Structure formats: C-alpha cells, structure tokens
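In case you want the letters, here they are:
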Amino acid sequence: MPSDQIQETAAVSEKAGSEKAGSDKTEIRTSGAPAPAWVFSQGVRKGPLLQVSGQGPQDPATGAYVHPGDVRAQTRRTLENVRAVLEAGGATVNDVIMFRVYLTTRDDFAAMNEAYGEFLREHSADGVLPCRTTVFVGLPNESMLVEIDALAVV
C-alpha cells in the first residue's frame, strides 16, 4: 500500500475513534482501597459507567488480608473497599446497578448474604437493590473467602 494511503487510513481511523460518544476512559485510583497487585486498575470510568475491579478483604493501608476464616467480616471489608473506589470515581453504592460476588464455597453464602444485606441497607438510599450474581470459584489468595466487583452508572 502506498504511504499516502497508509496515512489516509490512519487519519480516518483516528477520526472515527475520536467521534465515538464517551470514548474517553479514566483510571480511578484511591488510597481508600488496596492498590492493585497485578496488571489492572482499581476502577475505570468511561462516560457514565464506572467499573470497579474485584476487591478482596484487604486492609487498604497495609494490603494485608484480614479476618481469616470469617466470611462475614471479609464481606464487609471487601464492600468497604468497593465503596472507596466508587466514591473516588464520583459514585455511591446507590449508583451501583450490578454486584458480582465470588465465594470459595457454597457454605459461606448465608453469612456473606447477611453481611451484604446489612451493607446495602446502610448505603442504598433509594431502597432499589442492585442486581447481583454470585458464583463459587477459586480466588487469587488462599486466605480470601470472597471477592466483589461492581458496575455503577454515574
């Protein structure tokens, strides 16, 4: 392909990309949640959408996993970490339309659900509960019993 056609193709692609509505992405970072350990952002906002990466039961200041063996306490800590990223991105728990909860065992569902329900009663001002999916998986750190991510519309 001649170089003038290559330049024209690149210019058209660049123009098409810039014309997409809401094409700007913003990384969300906060010291109120643990720093990402691997290659991902705590959260990403694009247009009115804010996606919070999966959070676990870590102390934001130290990164240490807390409450070993206590899924109820781990759920609460995890949700506080999610809330910190939401707030850093300009959202609240009330703006969440979907939570995804990952548990290591079905036996922890009732305790997680109880802590989750208490948290939502405290932080969901309009009383409309977000959607939720709960799955049972292996998690990245052996001491993690729960991981939670969220999608909000701001």
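What counts, and where the lines are drawn
Residues numbered from 1 in each chain as written. Predicted model: local features only at pLDDT ≥ 70, side-chain atom pairs only at ≥ 80, totals over all residues. Heavy atoms only, no water. Salt bridge = Lys/Arg side-chain N within 4 Å of Asp/Glu carboxyl O. Helix = DSSP H or I, 4+ residues; strand = E, 2+ residues; numbered from the N terminus. Buried < 20%, exposed > 50% of the residue type's maximum accessible area, 1.4 Å probe, protein only. Expected span 1.5 Å × (residues − 1). Contact = heavy atoms within 4.5 Å. Polar contact = N/O pair within 3.5 Å; in protein donor to acceptor, adjacent residues only side chain to side chain. Patch = residues over 30% accessible without salt bridge, like charges linked within 9 Å, V, L, I, M, F, W, Y side chains within 5 Å. Areas by Shrake-Rupley, 256 points an atom, 1.4 Å probe, with all protein chains shown as cover. Core = buried A, V, L, I, M, F, W, Y, C linked by side-chain atoms within 4.5 Å. Phe/Tyr/Trp six-rings, centres within 6.5 Å; stacked < 30°, edge-to-face > 60°. Lys NZ or Arg CZ within 6 Å of the ring centre and 35° of its normal. Pairing = 2+ DSSP bridges. Axes fitted to C-alpha atoms, helices over the stretch in contact; angles between N-to-C directions.

Novice: Account for the pattern of salt bridges, with residues named and values stated.
Specialist: One side chain can pair with another of opposite charge once the charged atoms of both are near each other. Applying the stated criterion to the full structure yields eight salt bridges. A salt bridge links Arg72 to Glu118; the shortest N-O distance between them is 2.4 Å. You can see Arg72 sitting in helix 2 (residues 71–88) and its partner Glu118 sitting in helix 3 (residues 109–123), a full 46 residues away along the chain. A residue is classified by how much of its surface remains accessible, and Arg72, at 30% relative accessible area, is partly exposed. Under the relative-accessibility criterion, Glu118 is labelled partly exposed at 27%. Among the ionic pairs, Arg76 bridges to Glu80, the shortest N-O distance being 3.2 Å. Placement of the pair is Arg76 and Glu80 together in helix 2, with a separation of four residues, close to one helical turn. Residue Glu80 is classed as buried on the basis of its relative accessible area, which comes to 17%. Linked by salt bridges that have partners in common, Arg76, Glu80, Arg83, Glu87 and Glu122 make up one network.

Novice: So what about helix 2? Which residues, and what values?
Specialist: With 18 residues, helix 2 should cover 26 Å at 1.5 Å per step; its first-to-last C-alpha distance of 26 Å lies within 8% of that length. Where helix 2 is concerned, the buried positions are Val71, Ala73, Gln74, Thr75, Thr78, Leu79, Glu80, Asn81, Val82, Ala84, Val85 and Leu86. In this structure, the buried residues of helix 2 make contact with strand 1 (25–28), strand 2 (43–46), strand 3 (49–55), strand 4 (96–103), helix 3 and strand 6 (146–153). N-capping of helix 2 is provided by Asp70, with a side-chain oxygen placed 3.2 Å from the backbone N of Arg72. Just downstream of helix 2, Gly90 is the residue with a positive phi angle, here 85 degrees.

Novice: Requested: an account of a nonpolar patch on the surface, with residues and values cited.
Specialist: Side chains of Trp38, Val39 and Phe40 sit close together on the surface and give an oily, nonpolar patch of about 390 Å² of accessible area. Looking at the secondary structure, you find Phe40 in the loop between strand 1 and strand 2.

Novice: Describe in detail the nonpolar core, supporting the description with residues and values.
Specialist: The nonpolar side chains of a soluble globular protein tend to be buried, and buried together. Within the largest apolar cluster, 25 residues are counted, with the highest numbers of intra-cluster contacts made by Val82, Leu86, Phe99, Met112, Val146 and Ile148. Going through the elements one at a time, strand 3, helix 2, strand 4, helix 3 and strand 6 are the ones with two or more residues in this core. Ranked by residues supplied to this core, first place goes to helix 2 with six residues. Among residues more than four places away in sequence, those in contact with Met112 are Val71, Thr75, Val101, Leu103, Arg132, Thr134 and Val146.

Novice: Tell me about the packing of aromatic side chains, residues and numbers included.
Specialist: For any two aromatic rings, the description comes down to two numbers: the centre-to-centre distance and the angle of the planes. Scanning the model with the defined rule gives one aromatic pair in all. Look at Phe99 and Tyr116: their rings are 5.6 Å apart centre to centre, the planes differ by 85 degrees, and that puts the pair in the edge-to-face class. You can see Phe99 sitting in strand 4 and its partner Tyr116 sitting in helix 3, a full 17 residues away along the chain. As far as the burial class goes, Phe99 and Tyr116 line up, both buried. Across the ring face of Tyr116, the terminal group of Arg132 is positioned such that the distance to the ring centre comes to 4.5 Å.

Novice: I'd like a description of the sheet that holds strand 3, backed by residues and values.
Specialist: If you trace the six strands from one edge of the open sheet to the other, you get 1-2-3-6-4-5, paired in mixed fashion. The open sheet has two free edges, formed respectively by strand 1 and strand 5 (131–136), since each of these has just one partner strand. Averaged over all pairs of adjacent strands, the angle between strand axes in this sheet comes to 15 degrees, irrespective of strand direction. Along the sheet, helix 2 makes contact with strand 1, strand 2, strand 3, strand 4 and strand 6, crossing strand 6 at roughly 30 degrees. Sitting on the sheet, helix 3 is in contact with strand 4, strand 5 and strand 6, with an inclination near 155 degrees to strand 5.

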